[in-house]
Amino acid sequence: MKKIDKRHFSLAKELIEIGAEQNMFVRCYPLLGEVPLVIGRKQSTKVEIPKTKKLALFVYVPFCTGKCSYCFYPKKVNPNQKEIEEYLVLLEKEMDLLMKNFKFKKIYALYIGGGTPSCLSPKQIEKLIKTIKNFPIEEDASFTFEVSPETLTSEKIEVLANKVKRISMGVQSLNDKTLFFARRRYSARDAYEKIFLLKEKSNEFKFVYNLDFIFGLKNQPLEDDVFNWLKLIQEIKPPAVTFYEKWEGMRDRLKIEFRKPKLERIVKLLSIRELIDKRMRQQLGYKRDGLYRYILCPDGKCNYCKTVWEDNFCLALGPSAYGYFAGMIYRNTSQLNLYRDLLRKSFLPVERKKVLSKKEITIRTLVLGLKATGTKGISVSREIEHLIEPLIKKGFLNKIGSKISFSEKGLLASDRISNWIIDNLELE
Ligand code: SF4
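A few points on the structure. (Residues numbered from 1 in each chain as written. Predicted model: local features only at pLDDT ≥ 70, side-chain atom pairs only at ≥ 80, totals over all residues.)

So, about the overall build of the chain. Scanning the chain for helices and strands turns up 15 helices and 21 strands. Taken over C-alpha atoms, the radius of gyration comes to 21 Å for the chain, in line with the 22 Å a tight globule of 428 residues would show. Viewed in the frame of its principal axes, the chain has a C-alpha envelope of about 60 × 50 × 40 Å. Classification of the 428 residues of the chain by burial places 43% in the buried group. Excluding contacts between residues fewer than 6 apart, the proportion of contacts in the chain whose partners are at least 24 apart in sequence is 76%. (Helix = DSSP H or I, 4+ residues; strand = E, 2+ residues; numbered from the N terminus. Rg over C-alpha atoms; globule rule 2.2 N^0.38 Å. Buried ≥ 20, exposed ≤ 12 C-beta atoms within 10 Å, placed from the backbone. Contact = placed C-beta atoms within 7 Å.)

In C-alpha cells, the structure reads:
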C-alpha cells in the first residue's frame, strides 16, 4: 500500500471507530423530516428582520427531464407547458403573501435552484426572474441560477447573462458510462460542448460560472473521471468549481435506511478528496470557498450558502423550499397539487414549521457554522467544547482559543463529522 493510502486507511478506521463513517448530507438543522406538520393552518407570522441579520432567498424550481439515480430532491419529471405556466403564476402569488408577512429588508443573496431551473423556456426564465425582482434586493446582491447541460442553450444563457451574476452548471461527470448509470440525460461530449459554450458566453457577457462535479457515483472510474475534470479545469480555468462526494442520503431520512460504506470505499473517497484539494490549490491556483468549492476570483463565491450557514435569515419560495428566521424553521409542501390548492386559498404553502429549542439552536449554529467557516473557526461555549472533545482529541477539529474549526484532516470528512456532532449532541 502506498504511503498516502496508509494515512487515509487510518483516518477511515478512526471514523468507523467513532461511528462517523456515513457521508450523509447535512443541508440544514433540525432535520426537515422531523419538523412538525402545520399544513392547513393560516400562516400569519409578522416577522421583522433585525439589522444584524442578512436575508437570503431560495427559489425552488421543481421540474426535471428525468430522475437521476442518486437524487433525493422532489421533482416533477417532464412537466407540460401548462404545469410550468401555472407554477410561475403560483410563485407570484406566494411572493405577494410573503411580502405581507414580512417587514422586509433588502435581499442580500438569491439562489434559484432545483430541480432544473433551465427546464424553463427563455421566456419563462425571464418571467420567473422578473417576478423575483419584485422583492427588494440589494444592488450588489449575489444571484445564482442553476442549469443542466441537457437543457442549457445559447438563448437561455443570453437571457440569464444580463439578469443574474452567477450560473452554476451541474456537470457531475465527464465519463459516458458514469453518466449513463447515473441516469443523466446527456453524454460527456454534450457536457464538454455546454461547458465551452458557458465559458464563451461568460467572456462575452461578463458573468461568472461554476461547474459541479460528483465523485463516488456508481460505475465511476474515479481516477479517470477526476483526471479529465482537472485537465479541463487547467485548460479553461472556470471561476468556480464545486466537487461533491456522493452522499449516502440526506439526514432528513432515517440513517438506518442506508448501508454503511466499506472501509476500502471510505479510504478511496478520502484520498480522492485530498487529491482534488491539492491539485486545485497547489497546482491550479484556486482558493477554497467553504467545504466543497474552489474559486479563482471573489465573484465565484456562493454567497447564498455562506449567508444561510452563518445563521442569517432565509426565505423560501416554491414547492419543497425551506427557510429559517428568528429561531424558526419552515418548509413548503413538496406536493404540487397541495402547493396549488393552498395558494389558491391564499394560505402560504407551509407544510412544516417549528420554533427551535435552545439546544436545537446550539446544534444548528455549530454544525452550519463549521460548514461556513471551514478551517477558520467559530466561537463555542465551554460546555459545547466539552461535548465535542473526542473530535478535538482525534484531530478532526482544531481548537484555538475559544474557536473551533475543521482541521485539514477533519475537512476531508466534513459531512461525516457533522453527522457525528448531531448524533452526539442530540443525546446530551
Ligand atoms: S437533474 Fe438534479 S434535481 Fe433533477 S433528478 Fe437529476 S439530480 Fe435530481
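So, about the sheet that holds strand β19 (residues 378-379). Taken in spatial order, the three strands line up as β19-β21-β20 in an open sheet, and their pairing is antiparallel. Here the strands that pair on one side only, and so sit at the sheet edges, are β19 and β20 (397-400). Across four bridges, β20 lies against strand β21 (residues 403-406) in antiparallel orientation. Looking at β21, one finds that Asn-398 is bridged to Ser-405. (Pairing = 2+ DSSP bridges.)

Another aspect to go through is the environment of Tyr-324. You can see Tyr-324 is positioned in strand β16 (residues 322-325). As for Tyr-324 and Cys-305, which are separated by 19 residues in sequence, their C-alpha atoms are 13 Å apart. Setting aside chain neighbours within four positions, we find Tyr-324 in contact with Phe-313, Cys-314 and Ile-329.

This part is about the pairing of β16. Judged from the four bridges that link them, β16 and strand β17 (residues 328-332) form a sheet pairing that is antiparallel. Each residue of the ladder has a partner; that of Phe-325, found in β17, is Met-328. Here β16 folds back onto β17, and the loop between the two strands holds two residues, one of which, Ala-326, carries a positive phi near 45°.

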